[in-house]
Structures are given as structure tokens and as C-alpha cells.
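What the coordinates show
Residue strings, one per chain:
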Amino acid sequence: MNTGLRRRGPGLRVRLTLLATGLVAFVSGLLLLLGWLLVGKVVSSSPRFPDGSTVAVDGVEVDAGVLADVLGQQARDDVLRSGAIAYLCVVAAAALLAWAITGRVLQPVHDVTEAARKLSAESLGERLRLAGPRDEVAELADTFDEMLDRLQAAFDSQRRFVANASHELRTPLSVIRTELDVTLTDPDADEAELRRMASVVRAATERAEQLVSALLLLARTDGLGLAVREPVDLNAVVESAWRAVRAEAGERQVRASFVTGPAPAVGDPALLERIAGNLLENGVRHNVPGGWIEVRTEGGAEWTTLRVSSSGPVIAPDRVDELFEPFRRGGTDRTARTGTGLGLSIVRAAVAAHGGRVHATAIPGGGLSVVVLLPSSPH
């Protein structure tokens, strides 16, 4: 048995029962003592006969002073005897009632404990949905259900992510294996064939490397907060990111235009450059030959805006949100050979890490416009 799950002492129900019983026993004991003292005081304060007086009891003359003392002692004994019986009955009844009531009150807590004990990756769909008064226990159960909702969403997202990543990594690995098998089984393979094979293997390796790097960046961005938070000029970030894709844009004859204004932001410069870089890469790689791309920056009192719009294939408006899911290219195409399909997923995770917002809209006639809002000053 796991020692970490062993009960270290009496349960909460036992402790509450003992506490309630102890309180009732203490109060009842005080009342019994008070009754005993009051009876003795009442008897002692009753009128006294003169010294030497006698009283006839059943025909027998008894000294009046002695009779008063005897009656007082008998009254105290009767109170003590009857009170002790009542005391025991009250304490026993209090213990039984406390045990029954605490068991009923703590039943929802036991339900939460039992649900947590049965919890696993396969049973995250179970919920308590506790009915009854909205007290602290109900609040605990509701909080537990909300935690299960978040865990289920995280597990579902992880399953989809692992499945998609496995699918994407299988493609370059299959290409490498096929090229190697074909070349090694060809006894007449010459230097030109070997060079061609090496070129294909190198391209597939680079694709796998890009995918792994993107996966690691996405995992770090999703799991951790910002390591650096400092003032950044978003225009300088955009300019640096454009230099990395300018040559590719020239090859595809994509026309670029920049409309910039003061654009201060606060965050991690490396992540901000990755946000701008991914948006520009998507705008160039998923564009049409001879298309266009427009970049706008605008600062505000609270938010700084980065808008990247570009021409491209027609995207259904109801499929735009899917572009932010891992391994989505152009909405539905998962077989494109450019990019990793993680660009906008990384953008969304990085923007969320900065406390910002991002949304996209389809451009009528083809293309996409992505707007990023980043804090312009520390919150």
C-alpha cells in the first residue's frame, strides 16, 4: 500500500463527533454542577427552627436542625443521581446525533474523494454535479467539476497534438527510408543517383528538424510564462523578421507594403520576433505567385496592433478558426510541403503568454488578415 495515502489520524467525521460530544459533555457537566449547588443553597437558606426544637416524623421526635441537614443532603444526592443519569443520556444522544449529522454533511466530501480516487485519463468525463444547498461543500464539488473540465480539455488537446505530430513526423521519415531502400537495392546506382538521394534525404531531414523545433517552441510557450518582459519597438521586430523572408518573397514575386506608426510593446523580444516572423512567413508561403502582403502597426494607450494581410487561396469564413489548430495549412490542407503547420498555433500561444489577443478574418476573393493585440505598457 502506498504510504502517502495512509490515514495519519482519526477521520474528519470522528474528530467532529468527538468535538461536538465533548462540547455537550462540558456544558451538561456545568449545568449539573450548577443545579447541585443551587439545590444546596436553596435548602440551606430555608427557615431554621430555634435550637432545641424537635419535629415529629412518623411519631418519632427528631431534632429540627439535624432534620434540615439530612433533607439538604438528600436533595443534593437526588439531584446528583438523577443528573448523572440525564448527563449520560444527553452525552450519548449528542454523540449519536453528531455522528449521523456529520456523516450526512460530509457525504459530498466523500463523493469528491471517491471521484478523485477513480479518476484517470479514461474517466475524465465523470462529474459530481452535486445537488442541494449552495454551501461550501457544493462550492468544492463545483470547483472539482471545473477542474475536471480543464483536465479533460487538456488531455483531449494533448491526444490530438500527439496524433498530429506523429502523422507529420512519419512523412519525412518515410521519405528518408524509401530513398535509402531504393538506392541501396540498386546495384547500378552511380554518383549522380547517390547525390540525388542525399539531396532528398537532406531536405526531409531539414523538414523534420523544423517540425521538431516548432513543436519544442510551442510546448515551451504553452507551458511556461515569459522569461523576459521588457519594452520592445514592434516596428524593429517586424523589420528584422521581414529580412528573413524577403528573399523568398522576391522569388515568389510577392509585393510587400508597410504602414507603420509608433508601436511600443512589452514582452519577450525573441517571442515577439517569432510572432511577426510566423505571420510574415505564412503571408509569403501561402500566397499566390505575384500576390501581395500588407503589414500595419499602430500603437495605443493600452494595446499595440500588428495586422498582417495577404492575398492567397479562398478560405471559408467558418474555417478560419481552424488555422490556429496545429498542423492546419490553408484551413484543411495537411499535405503542403512548405512550413510545418504550426505557425499560427505558435502565434496564438506566444500572444497568450504576453496577455494579448489574436484573431483572423478571411479576405473576400482570397487571402487572410491576422490582427494581433499586444500590451503597449506593463499591466
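Residues numbered from 1 in each chain as written. Predicted model: local features only at pLDDT ≥ 70, side-chain atom pairs only at ≥ 80, totals over all residues. Heavy atoms only, no water.

Another aspect to go through is the packing of helix H7 (residues 269-285) against helix H8 (residues 343-353). Running from N to C, H7 and H8 point in directions that differ by 150°, and their axes come no closer than 9 Å. Overall, the two elements H7 and H8 adopt an arrangement that is roughly antiparallel. Note on packing geometry: the crossing formed by H7 with H8 is left-handed. Contacts between H7 and H8 involve Leu271, Arg274, Ile275, Asn278, Leu279 and Asn282 from the first element and Gly343, Leu344, Ile346, Val347, Ala350 and Val351 from the second. Looking at the contact of H7 with H8 residue by residue, the classes come out as 8 nonpolar, 3 polar and 1 charged. (Axes fitted to C-alpha atoms, helices over the stretch in contact; angles between N-to-C directions. Helix = DSSP H or I, 4+ residues; strand = E, 2+ residues; numbered from the N terminus. Parallel < 35°, antiparallel > 145°, perpendicular 65-115°, else oblique. Left-handed = near helix turned anticlockwise from the far one by under 90°. Contact = heavy atoms within 4.5 Å. Nonpolar A, V, L, I, M, F, W, Y, C, P; charged D, E, K, R; others polar.)

It is worth spelling out the sheet that holds strand E4 (residues 255-259) at this point. Spatial strand order, E4-E6-E7-E9-E8: 5 strands in an open sheet with mixed pairing. Strands with a single pairing partner mark the edges of an open sheet, and in this sheet they are E4 and strand E8 (357-362). If you compare each strand with its neighbour and ignore which way they point, the axes differ by 10° on average. In terms of strand pairing, strand E6 (residues 292-298) meets strand E7 (residues 303-310) through 6 bridges, oriented antiparallel. Pairing of isoleucine 293 across the sheet is with serine 310, part of E7. In the packing of helix H6 (residues 234-251) onto the sheet, the strands contacted are E4, E6, E7 and strand E9 (368-375), and the crossing angle to E6 comes to about 160°. (Pairing = 2+ DSSP bridges.)

Let us look at the side chain of serine 369. Mapping serine 369 onto the fold places it in strand E9. Reaching out from serine 369, the side chain makes a polar contact with the side chain of serine 309 at a distance of 2.9 Å. When neighbours within four sequence positions are excluded, serine 369 is seen to be in contact with Arg307, Val308, Ser309, His359, Ala360, Thr361 and Ile363. (Polar contact = N/O pair within 3.5 Å; in protein donor to acceptor, adjacent residues only side chain to side chain.)

Moving on: the pattern of salt bridges. According to the stated counting rule, one finds 11 salt bridges in the structure shown. One salt bridge connects glutamate 322 with arginine 319, and the closest N-O pair in it is separated by 2.9 Å. Glutamate 322 gets classed as partly exposed once you look at its relative accessible area, which sits at 23%. Ionic contacts of the salt-bridge type, sharing partners, join the residues Glu248, Arg274, Glu281 and Arg285 into one network. (Salt bridge = Lys/Arg side-chain N within 4 Å of Asp/Glu carboxyl O. Buried < 20%, exposed > 50% of the residue type's maximum accessible area, 1.4 Å probe, protein only.)

Let's shift gears to the packing of aromatic side chains. Enumeration according to the criterion identifies 1 aromatic pair in this entry. Relative to phenylalanine 258, the ring of tryptophan 242 lies with its centre 5.4 Å away and its plane at 70°, an arrangement referred to as edge-to-face. One end of the pair, tryptophan 242, is in helix H6; the other, phenylalanine 258, is in strand E4, with 16 residues separating them in the sequence. You can call tryptophan 242 buried: its relative accessible area is 10%. Judged by its relative accessible area of 36%, phenylalanine 258 falls in the partly exposed class. We note arginine 13 situated over the ring of tryptophan 99; from NZ or CZ to the ring centre the distance is 3.9 Å. Taking the ring centre of tryptophan 303 as reference, the NZ or CZ of arginine 357 above it sits at 4.7 Å. (Phe/Tyr/Trp six-rings, centres within 6.5 Å; stacked < 30°, edge-to-face > 60°. Lys NZ or Arg CZ within 6 Å of the ring centre and 35° of its normal.)

Of all residues in the protein chain, 76% attain a pLDDT of 70 or more, and the chain-wide mean is 79. Confidence over residues 1-5 falls short of pLDDT 50; this stretch has 1 contact with residues more than four positions distant or in other chains. Overall, residues 331-337 carries pLDDT values under 50, and its contacts beyond four positions in sequence, including any with other chains, amount to 15 contacts. (pLDDT = per-residue confidence, 0-100.)

Below, the discussion takes up the environment of isoleucine 346. Mapped onto the secondary structure, isoleucine 346 falls in helix H8. Overall, isoleucine 346 belongs to the buried group, its relative accessible area being 4%. For the pair isoleucine 346 and asparagine 278, spaced 68 residues apart in sequence, the C-alpha to C-alpha distance is 8.0 Å.

Let us now look at a nonpolar patch on the surface. On the surface, Phe26, Val27, Leu30, Leu31, Leu34 and Leu38 cluster together into a nonpolar patch covering about 600 Å² of accessible area. Structurally, leucine 38 can be placed in helix H1 (residues 12-44). (Patch = residues over 30% accessible without salt bridge, like charges linked within 9 Å, V, L, I, M, F, W, Y side chains within 5 Å. Areas by Shrake-Rupley, 256 points an atom, 1.4 Å probe, with all protein chains shown as cover.)

Here E7 lies mainly inside the structure; 6 of its 8 residues are buried. In this structure, E7 lies alongside E9, joined through 8 bridges in antiparallel fashion. The residue bridging tryptophan 303 from the neighbouring strand is proline 375, located in E9.

Here H7 is 17 residues long and its end C-alpha atoms lie 24 Å apart, about the 24 Å a rise of 1.5 Å per residue gives. Sitting at the amino-terminal end of H7 is aspartate 268, which places a side-chain oxygen 3.0 Å from the backbone nitrogen of alanine 270. (Expected span 1.5 Å × (residues − 1).)

By size, the foremost hydrophobic cluster in this structure holds 36 residues, and its most contacted members are Ile275, Leu279, Leu280, Leu306, Leu368 and Val372. Where this core is concerned, the elements lending two or more residues are H6, H7, E6, E7, H8, E8 and E9. Leave out the neighbours within four places in its chain, and valine 372 touches Ile275, Leu279, Thr304, Thr305, Leu306, Val347, Val351, Arg357 and Val358. Val112, Leu124, Phe144 and Leu148 belong to the second-largest nonpolar core, a separate cluster that totals 6 residues. (Core = buried A, V, L, I, M, F, W, Y, C linked by side-chain atoms within 4.5 Å.)

On to the side chain of histidine 354, then. If you trace the backbone, histidine 354 turns up in the loop between H8 and E8. Of note is the side chain of histidine 354, whose polar atom sits 3.1 Å from the backbone nitrogen of aspartate 268. Separated by 2.8 Å, the side chain of histidine 354 and the backbone oxygen of alanine 350 make a polar contact.

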